[in-house]
Structures are given as structure tokens and as C-alpha cells.
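Coordinate analysis (summary)
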Amino acid sequence: MNPIRLGRMIVHKVHEMDSPVPLLSQLPGVTSSDLARLSAWYEAPDEIIDDPETSLMTFSVHSWVIEIDGLTILVDTCDGNHKNRSLQAVHQLDRPYLRNLAKAGFRPEDIDLVMCTHLHFDHVGWNTRLENGKWVPTFSNARYVFSQRDYAYFSRNPAGEELHFEAFQDSILPVMDAGRGMLVDEDFIAHGQIGEGIWLEPAFGHSPGCVTVNAQDDGPPALFWGDVIHHPVQMLRFDLPFAFDMDPVMASATRIATLERAADAETMCFPAHFRRTSAGHVKRDGDVFRYEWVEA
Ligand SMILES: [Zn+2]
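Residues numbered from 1 in each chain as written. Predicted model: local features only at pLDDT ≥ 70, side-chain atom pairs only at ≥ 80, totals over all residues. Heavy atoms only, no water.

Thoughts on the overall build of the chain
So the rule is basically this: The secondary structure listing takes helices from DSSP runs of H or I that are at least 4 residues long and strands from runs of E that are at least 2 residues long, numbered from the N terminus. Between the two quantities, the radius of gyration covers C-alpha atoms and the globule rule is 2.2 Å times the number of residues to the power 0.38. Working definition: with a 1.4 Å probe on protein chains only, accessible area under 20% of the residue-type maximum means buried, over 50% means exposed, and in between means partly exposed. Whether two residues are in contact is decided by their heavy atoms: any pair within 4.5 Å suffices. Working definition of accessibility: Shrake-Rupley area with a 1.4 Å probe, residue cover restricted to the visible protein chains. In summary, the charge assignment counts Lys and Arg as positive and Asp and Glu as negative, without counting His or the chain termini. All charge positions are set by atom: Lys at NZ, Arg at CZ, Asp at CG, Glu at CD.
Along the backbone of the chain there are 8 helices and 16 strands. A globule of 296 residues ought to have a C-alpha radius of gyration of about 19 Å, and the chain, at 18 Å, matches this closely. Expressed as lengths along the three principal axes of its C-alpha atoms, the size of the chain is roughly 50 × 45 × 35 Å. Residue burial in the chain is summarised as follows: out of 296 residues, 56% are buried. A separation of at least 24 residues holds for 67% of the contacts in the chain among residues at least 6 apart in sequence. Carbon together with sulfur atoms contributes 50% to the accessible area of the chain, which is approximately 12,200 Å² in total. Side-chain charges in the chain split into 24 positive and 43 negative, and the spacing between the mean points of these groups amounts to 4 Å.

Observations regarding the coordination of the zinc ion
For clarity, the cut-off: Sites may look incomplete because water is not among the atoms; the donors themselves are N, O and S atoms within 2.8 Å of the metal, or within 3.2 Å for Na, K and Ca. Every angle between 85 and 135 degrees makes a four-donor site tetrahedral, while opposite donors more than 155 degrees apart, with all other angles between 65 and 115, make a four-donor site square planar and a six-donor site octahedral; other sites are irregular.
The coordination sphere of the zinc ion contains the protein donors Asp 122 (OD), His 123 (NE2), Asp 227 (OD) and His 273 (NE2), at a distance range of 2.1 to 2.2 Å. Every donor counted, the 4 donor atoms about the zinc ion form angles of 86 to 155° at the centre, which fits irregular coordination.

Looking at the sheet that holds strand S5 (residues 113-115)
Paired through backbone hydrogen bonds, the strands of a sheet run either parallel or antiparallel to each other. Spelled out, the test is: Here, a strand pair is defined by DSSP locating no fewer than two bridges between the strands. Axis geometry follows a simple rule: fit a line to the C-alpha atoms, using only the stretch in contact for helices, then measure angles between N-to-C directions, giving values from 0 to 180 degrees.
The strand order across the open sheet built from 7 strands is S1-S2-S3-S4-S5-S8-S9, with neighbouring strands paired in mixed fashion. Each edge of the sheet is formed by a strand with only one pairing partner; in this case those strands are strand S1 (4-6) and strand S9 (181-184). Each neighbouring strand pair of the sheet contributes to a mean axis angle of 25°, computed without reference to strand direction. Two strands pair when backbone bridges link them, and strand S8 (residues 143-147) and S9 are joined in this way by 4 bridges, in the parallel orientation. Within the sheet, the bridge partner assigned to Phe 146 lies in S9 and is Leu 183.

Looking at the side chain of Glu 161
Within the secondary structure, Glu 161 sits in the loop between helix H5 (148-155) and helix H6 (162-177). Apart from the residues lying within four places of it in its own chain, the contact partners of Glu 161 are Tyr 153, Phe 154 and Met 246.

What about the packing of aromatic side chains?
What counts, and what does not: By convention, a stacked pair of Phe, Tyr or Trp rings (six-membered ring in the case of Trp) has centres within 6.5 Å and planes under 30 degrees apart, an edge-to-face pair has planes over 60 apart, and any other such pair is tilted.
Counted according to the given criterion, the structure contains 18 aromatic pairs. For the pair Phe 238 and Phe 289, a centre-to-centre distance of 5.7 Å together with 65° between the ring planes defines the contact as edge-to-face. Taken together, the positions of Phe 238 in the loop between helix H7 (233-236) and helix H8 (248-264) and Phe 289 in strand S16 (residues 288-293) put the pair 51 residues apart, joining distant regions of the chain. On the basis of relative accessible area, Phe 238 is assigned to the buried category, the value being 14%. These aromatic residues form a ring-pair network of at least three members: Trp 41, Tyr 42, Trp 225, Phe 274, Tyr 291 and Trp 293.

Next comes the structure, spelled out in C-alpha cells:
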């Protein structure tokens, strides 16, 4: 897709892969009338969307590259290649992610800052790559920003989070060992100031230290919401717990607040897992919301 210009800032998408999973395995509780309402504005020909039992929920896995004030910032780093994972669908991947980054116009060494919205395996994978049998930072000139709260949580290898602990070991620790990681609070300002720069905001629930990345530079606000909302069906069913939210009640409250804010401020949204162009605007639609994608 074409880069998106917002004032003096430019945003590029770098795709890694699409992952289809059964809808009800992620969002138990979606009904056929939800899907009928969704189908009024969501076209996804390879997903069945009339029967929840047989519908798929296909995640796009991609990164965003922000160019702002001469800085090049990478938001979320997908699954990564050659990683041992206990989830078969992402075990030992070999995807042309770096080629896609090059197609967008960037070499790994061009990245100044890497920002992970949270420390789940599908947001940290390309932080490192295998070099002579060792995990080294992929973006050799970058500082990496990690949420202090997520770091503390995942470093303890908490029960039920084994997959993310695998990623912590091969995609976070080597960055810290190389002296390139920064553990920050959830209101960290990465560049400039609020309203004219890049800053984090807390978005707790999906993980303990989940944040959104916010950016603005003489144009409309941009919101990189990570996994606050995974799929457009959650515009209608923001109340439903997502199967992998650590704290479903808190995640739901964060989701609703994020949707309201995005709709009211006419924010350009950059979700971590929406398909097609991914970027778009949240619109109010009666008592729920709908999504309007930007053109390709
Ligand atoms: Zn994710």
C-alpha cells in the first residue's frame, strides 16, 4: 500500500504474514446477527462471515514505520524468523519480512527507534535475528523501547504465558544484553512533546503493560493501538472478552475508551492486526462503531 502522509509525518506498512484462526476460538460469544451487521461494511472474501461456528478470524501481522522529524521509528516487530515456538503456526518461520521492509524503502540499520506496544511474541519477533547461531538485534543502530511493566511481568515466566516467555528469551533479553533496550513507563515521550511528537499512553488489559503509540506532527493524530482491538468484529462486540486478554474486564474498558476517543478526535488508526490497508478511521454507528479503511 502507499505510505500515508499526516502533516509532516509519513507512515508505511511492512507485512509479515496472515494468520487465519477459528473466530470462536478468539471471541466466544459472537452471534450470527453480529456477523450480519459486520458484513454490511466488512468484506473479506476468504473469511466466512455468516455462521460463527465456521467463520475464520484472519489476523494480518505487520509493522508500521513512522518517519517524523528525520527519525525512522518501527512500531511492533511481528513474529520473526527461525524462532522455536510452542505454537506450530509460528514455529521456525521463514518470511520475507526484511525484503518487505526494503520494498518500503528501509534497511534494518535505518531504524532509529523500535517501539513494542506490548511484549507478546507476535510484536517482538524481529527485534532479533540469528547470526552465527546467536540472537542479535536486527536493527543495529536502534534503541528499543519496552514497557517496564510488561518486562517485569514476562521476565518472571508467569504460568500460562510460556509462548511469550519463549519470545522474551530470544527477542527481548538479547536486546537488553546488547545495551540497546530502554525500559520505560507507560507515559513515556519518545520524541518531541504530546501533540507534536511520539509518545506512549497506557492501554492495560491485553497485557499488564500494554501501551498505545501516539504520534502527531502538524496534521491529524495517529494512533497505533497494538492489540487493543484485534479484528473489526470488535467494533460491534467491544464488550466480549478476547480469549488472550490477560485481564478481560480491563481490556474491554480500554477497548471502549480507545474507540470513543478515536471516533471523536478523527484519529488515523493503525491497528496491529487488521487486514487490507489496515489503517483507517473509527466511526460511530448507532450504539456501536464501524471502521472505514483508507484506500490502498
Ligand atoms: Zn498481537
